[in-house]
Amino acid sequence: MDISVIVPLYNEEESLPHLVSWIERVMRENGFTYEIIMVDDGSNDKSWQVIEELSSSNRNIRGVKFRRNYGKSAALNEGFVHSVADVVITMDADLQDSPDEIPELYRMIKKEGYDLVSGWKKKRYDSKLAKNIPSKLYNATTRKLSGIKLHDFNCGLKAYRKDVVKSIEVYGEMHRYIPIIAKWAGFNKIGEKVVQHRKREFGTTKFGMNRFVNGYLDLMSIMFVSKFGKKPMHFFGLLGSLMFLVGIVSAIVLGAQKLIAVANGEMMRLVTDSPYFYLSLCTMIIGCQLFLTGFIAELIGRNSPTRNVYLIEKELNFDN
Ligand code: UDP
Ligand code: MG
């Protein structure tokens, strides 16, 4: 099979029939064999009935329905698990992404050898203040931190080589960072294609302003996990040692001052009257805590089930 189209959806009943007939037309015109995997993320409108109706006239339409709303990442991940085609394309259900982009995305994966091609909504049709400006900022930060040269990390329209979707796991709200997750799994050829973006015709957006706050927090954790996930002591241990060192050196200085003063027979205030005493005490305690956090993180890492899962690209002479 050539293409799996994965569509995560939450309350998109009006858009679905248009979307499906559009995808069907593109596939027919290009002679692709395909499946459309509709992942209903716990909709409480008629989306699932619509999917059932659509699938009765087209066997290429498959559906998964969650019992409740788990979020776009969970929906995408479920689609990845079920997909079988060589090239996997994800697309929003709200008709903001155009299925006309499919043939070119497919070609870039198949012919140009990309692992992942991300859409770039160069001209966006969303509200300026609420989305466009914060998203520029957010993309610039993500680009800087991850070293991946993409303009639009969160574009719903993306294409993947099958290997990629079978090797990664998307959870929480990490769908914004799939290119980082893919890169981390060893898929380096990440490309970009300018795609058409359209106004939302039906329904409303499912993400409010809090997407940016949560987006930044998620970026922090994904950067941390990708850098130190397997060696947390390198982070906590270093920070903890540094703090402890600063604390103990300043404590020694305080003590030495006092001893010298006493030896010279001078009057000097009590060590505990100096604010530096409390600062160095605090620094030493926090340093210890960071260090111990590092040990605990190492213990947790050692017991995690993914401890020794390495992604293997090729093997030689092991076919017994
Ligand atoms: N979506 C989903 N689960 C959610 C929220 C959204 O599956 O909890 C789907 C939604 O139906 C749409 C896609 O994710 O197909 C993108 O959502 P939306 O259009 O609301 O985001 P925006 O375009 O405003 O960024
Ligand atoms: Mg949308």
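Report on the accompanying structure. (Residues numbered from 1 in each chain as written. Chains lettered and ligands numbered in written order. Predicted model: local features only at pLDDT ≥ 70, side-chain atom pairs only at ≥ 80, totals over all residues. Heavy atoms only, no water.)

Some details on the coordination of the magnesium ion (ligand 2)
Only Asp-94 (OD) and Gln-96 (OE1) from the protein coordinate the magnesium ion (ligand 2), and they sit 1.8 to 1.9 Å from it. We classify Asp-94 as buried; its relative accessible area is 4%. (Donors = N, O, S within 2.8 Å, 3.2 Å for Na, K, Ca; no water. Buried < 20%, exposed > 50% of the residue type's maximum accessible area, 1.4 Å probe, protein only.)

Comments concerning the site of ligand 1
Taken together, 18 residues sit near ligand 1, with Asp-41, Asp-94, Lys-131, Thr-205 and Lys-206 positioned nearest. Take Gln-96: an N or O atom from its side chain is 2.9 Å from an oxygen atom of ligand 1. Take Lys-206: an N or O atom from its main chain is 2.6 Å from an oxygen atom of ligand 1. About the coverage of ligand 1: the protein hides 94% of its 530 Å² of free accessible area. (Near = heavy atom within 4 Å. Polar contact = N/O pair within 3.5 Å; in protein donor to acceptor, adjacent residues only side chain to side chain. Areas by Shrake-Rupley, 256 points an atom, 1.4 Å probe, with all protein chains shown as cover.)

Looking at the packing of aromatic side chains
The full count for this structure, using the stated rule, is 11 aromatic pairs. Look at Phe-224 and Phe-228: their rings are 5.7 Å apart centre to centre, the planes differ by 45°, and that puts the pair in the tilted class. Separated by 4 residues within a single helix, Phe-224 and Phe-228 lie in helix α8 (residues 210–228), roughly one turn from each other. A centroid spacing of 6.0 Å and a plane angle of 65° characterise the contact between Phe-224 and Phe-236, whose relative ring orientation is edge-to-face. (Phe/Tyr/Trp six-rings, centres within 6.5 Å; stacked < 30°, edge-to-face > 60°. Helix = DSSP H or I, 4+ residues; strand = E, 2+ residues; numbered from the N terminus.)

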